[in-house]
Amino acid sequence: SGSHVMSARISRGLRIACTIGLAASLAGACSSTNEERDLPACDGTTYVLESAIRYQLIEGFSPLRLTGIEADAADDAPHATLTVSWSDGVNVPEGMYRTLTVGESTTLDNVGTFTLIDVLPPSGERRWSTPVVCFQQDPQLIDTARTYAADNGLPFPSDKEDSQS
């Protein structure tokens, strides 16, 4: 039964190829963050919301901020509260203050959809639980922010990059 030996050898070859292929594709993903665990895929931008840091939803535009507060990874249903805020001014778009459990999403009109994809437990450098959020930008976000910036005399980051793509 020489054919049996042949098929065994082929399947072993395939298995090795798969292992190597996976390692290669994961190497890029693993090196980008120093996280110990694989995060769910995000069809948008992933934010790891360190405590007390405000994250810009539009790069270079600080009046619009995302923060994660009151995160708890230890609970049966890990959860965190997400806030989206705009600096005070005229015609300020709506902000958000929502508590989500892992897997839940919330949508803020003209800004986008936020999904709590994980809450990382405290470890090493991290003293607090850290929410991980997937942000899917609304097509209207840039226009909304640009209008708000213009109404309030705020500089808006140039979007030369966008027009070329």
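Just so it is clear, the model here is predicted, and its values are computed rather than measured. (Residues numbered from 1 in each chain as written. Predicted model: local features only at pLDDT ≥ 70, side-chain atom pairs only at ≥ 80, totals over all residues. Heavy atoms only, no water.)

> Describe the nonpolar core, naming the residues involved and giving the relevant values.
Counting residues in hydrophobic clusters, the biggest one holds 27 residues, and the most contacted among them are Leu57 and Phe114. Elements that contribute at least two residues to this core include exactly β3 (64-72), β4 (79-86), β5 (96-101), β7 (112-120), β8 (130-137) and α2 (141-151). Per element, the largest residue contribution to this core is five residues, and it comes from α2. (Core = buried A, V, L, I, M, F, W, Y, C linked by side-chain atoms within 4.5 Å. Buried < 20%, exposed > 50% of the residue type's maximum accessible area, 1.4 Å probe, protein only. Helix = DSSP H or I, 4+ residues; strand = E, 2+ residues; numbered from the N terminus.)

> Account for unusual backbone geometry, naming residues and giving values.
Phi angles above zero are rare outside glycine, and asparagine 91 is one such case at about 50°. The residue asparagine 91 is located in the loop between β4 and β5 in this model. The exposed category is assigned to asparagine 91, whose relative accessible area is 59%.

> With reference to specific residues and values, describe the packing of aromatic side chains.
Per the counting criterion, the structure on display carries six aromatic pairs. With a centroid separation of 6.2 Å and an interplanar angle of 70°, the aromatic rings of tyrosine 47 and tyrosine 55 are classed as edge-to-face. By the burial criterion, tyrosine 47 is buried, and tyrosine 55 matches it. One aromatic cluster is present, formed by Tyr47, Tyr55, Phe114 and Phe135 through successive ring pairs. (Phe/Tyr/Trp six-rings, centres within 6.5 Å; stacked < 30°, edge-to-face > 60°.)

> So what about the sheet that holds β3? Which residues, and what values?
If you walk across this open sheet you meet the four strands as β2-β3-β4-β5, and the pairing is antiparallel. Of all the strands in the sheet, the pair left with one neighbour each is β2 (55-56) and β5. Relative to β5, β4 is paired through six bridges, and the arrangement is antiparallel. By the bridge assignment for β5, leucine 82 is matched with arginine 98. (Pairing = 2+ DSSP bridges.)

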